[in-house]
Structure formats: structure tokens, C-alpha cells
Amino acid sequence: MAGESEVIAVAGKRRKLGNPLALAVLTTLLQKPMHPYEIAQTLRSQGKDTSTKTNYGSLYTVVQNLEKHGLVEVTGVERQGNRPERTVYGLTGAGREEMAEWLSDLLAIPAKEYPIFETALSLMAALPPEEVERLLETRLSSLEVQLASGRGALAKVSETVPRLFLVEVEYQLHMVQAQADWVGGFLEELRKGSLPGVDAWRRFHETGEPADFTP
């Protein structure tokens, strides 16, 4: 899986593993030693697959890379009935240190991320403003549905799960709400024609001639 063995810079420090799934594995093994299948089941049951891009097919490779770098180690082998043996892994001292440093950096230091919607916004002038308006209306409707369903699900699960283990869901919903608010405001500018440069943008698509977007 790309990114699991590459050396990348995170918050000023070069790390041997940059895949966030590796960090999720380390924090899961903090609970107790587990075999890879149990790690996958734990990530799923605790809802961590909603906040970390999780490829369960590559999880074994992630664990092997962690072992190669001395961050996890084999602590035993389990066998149940006629099933194949399963290797159990636990954190090493270096793994605990890496986990704590990596997680601390991610919590404390803002990192530049590249959301795909931000990329689309930076390129949207390639479409006519009326088309962008239609597309953003579709997006806003989807965001509103996502908010409604997400809030309902959060309220339900909050009845049995402590808030400490749901804060990432709260954050996700806040981000969706912020996006919906921004999209709604931008749409209003498009509808009213008050967005600076919108007339030049429209003429460009109507005539195909270079447009002057100078304020």
C-alpha cells in the first residue's frame, strides 16, 4: 500500500511510517496485544474506520511494516479449533514513544491538508457560473442530509458510548456544518450576482474570449 514505507515529514519531524492507519494500529495495540484480524475488528467496532481511511486488506502489511521498524513485536500465537494460527502483536517501548509523539504532533500542530472540494473550488471557473450554482445546490442538499442523519446517529450512540470516544464525530459534524454554511452563503452571492467578477466569468463562457477579472 502506498505511503506505508515512505519517509514523510509530519509537523517538522521525519517519520518512517506516514500512513494514519499505522497510528490507528499503534493506539489499538495500546489496549492490549492483538492479532491483525482482531485489530481490524476492534477498529471497526470502535468506529475508527469513520475517521481513518482504513484498508483492511492492507492491515497485515501495515503491521509487518511496524514490526520491521521495531514499533510492534510478536508476543504470542493463538489457535482456535481448526483455524490457522494467528500471530499476536504488542507494542514495543519504541512503539509507545512513536505513538505518543505522532499523536501529540497531530493534535497540537495544524498541518496543511488538501481536501478535494478545495481543489474543485480552485478550478471551478472552468465551468459556467450557472452550472456551478446548480452543482453547489446539489452539494448543499447532500450536506443537509448528511447533517441530519449524522446528528441522529450521534444522539443514538451517545446513549451508550461516552462522549470522549465520540469527539471525532462531533468534529466531523461541525466541519460539515461549516461547509454547508459557506456553500449556502456563496450560493446566495451567485444568485444575486453580487460575487465580484461573476459578470466577466459569465462572459468568458458565453464568448470564449479572455476575461479581465481585475477588481
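Reference entry: report on the structure contained in this document. (Residues numbered from 1 in each chain as written. Predicted model: local features only at pLDDT ≥ 70, side-chain atom pairs only at ≥ 80, totals over all residues. Heavy atoms only, no water.)

**A closer look at the packing of helix α6 (residues 129-157) against helix α7 (residues 167-192)**
The N-to-C vectors of α6 and α7 enclose an angle of 150°; their axes lie 9 Å apart at closest approach. Judged on the interaxial angle alone, α7 and α6 are roughly antiparallel. Here α6 runs over α7; the crossing is left-handed. Counted by class, the contact of α6 with α7 contains 15 nonpolar, 5 polar and 6 charged residues. (Axes fitted to C-alpha atoms, helices over the stretch in contact; angles between N-to-C directions. Helix = DSSP H or I, 4+ residues; strand = E, 2+ residues; numbered from the N terminus. Parallel < 35°, antiparallel > 145°, perpendicular 65-115°, else oblique. Left-handed = near helix turned anticlockwise from the far one by under 90°. Nonpolar A, V, L, I, M, F, W, Y, C, P; charged D, E, K, R; others polar.)

**So, the nonpolar core**
Within the largest apolar cluster, 22 residues are counted, with the highest numbers of intra-cluster contacts made by V25, L26, L29, I39, L59, L66 and V72. Secondary structure elements with two or more residues in this core: α1 (20-29), α2 (36-45), α3 (59-68), β4 (86-91) and α4 (93-108). It is α1 that contributes the most residues to this core, 7 residues altogether. Aside from chain neighbours lying at most four places away, what touches I39 is V25, T28, L29, M34, L59 and V63. Membership of the second largest hydrophobic core comes to 20 residues, among which are M124, L195, V198 and W201. (Core = buried A, V, L, I, M, F, W, Y, C linked by side-chain atoms within 4.5 Å. Buried < 20%, exposed > 50% of the residue type's maximum accessible area, 1.4 Å probe, protein only. Contact = heavy atoms within 4.5 Å.)

**Here we look at α3**
Of all the residues in α3, the buried ones are L59, V62, V63, N65 and L66. Seen from one end, α3 has its buried residues packed into an arc of 160°, which puts them on one side. Residues of α3 that are buried in the fold lie against α1, α2, β3 (72-78) and β4. (Arc of directions from axis to C-beta.)

**A short note on the packing of α1 against α3**
Following both chains from N to C, one finds α1 and α3 inclined at 75°, their axes separated by 10 Å at the closest point. When the interaxial angle is binned, α1 and α3 end up roughly perpendicular. Residue-level contacts link L21, A22, V25 and L26 of α1 to L59, V62, V63 and L66 of α3. The residue inventory of the contact of α1 with α3, partitioned by class, reads 8 nonpolar, no polar and no charged.

**Some details on the packing of aromatic side chains**
Scanning the entire structure with this criterion turns up 1 aromatic pair. Taken together, a centroid distance of 5.0 Å and an interplanar angle of 10° make the contact between W182 and F186 stacked. Pair noted here: W182 and F186 are both in helix α7, with a separation of 4 residues, about one helical turn. Overall, the relative accessible area of 8% leaves F186 in the buried class. In this structure, R139 packs its charged tip against the face of F117, placed 3.6 Å from the ring centre. (Phe/Tyr/Trp six-rings, centres within 6.5 Å; stacked < 30°, edge-to-face > 60°. Lys NZ or Arg CZ within 6 Å of the ring centre and 35° of its normal.)

**Regarding the pattern of salt bridges**
Using the criterion set out here, one finds 12 salt bridges in the structure. Two residues, R163 and E170, come together in a salt bridge whose shortest N-O distance is 2.6 Å. Classification of R163 by relative accessible area gives exposed; the value is 57%. Residues R202 and D199 are paired through a salt bridge, measuring 3.6 Å at the closest nitrogen-oxygen approach. Residue R202 and its partner D199 are located together in helix α8 (residues 198-207), separated by 3 residues, close to a single helical turn. When salt bridges with common partners are traced through the structure, they connect E133, E137, E188, R191 and K192 into a single cluster. (Salt bridge = Lys/Arg side-chain N within 4 Å of Asp/Glu carboxyl O.)

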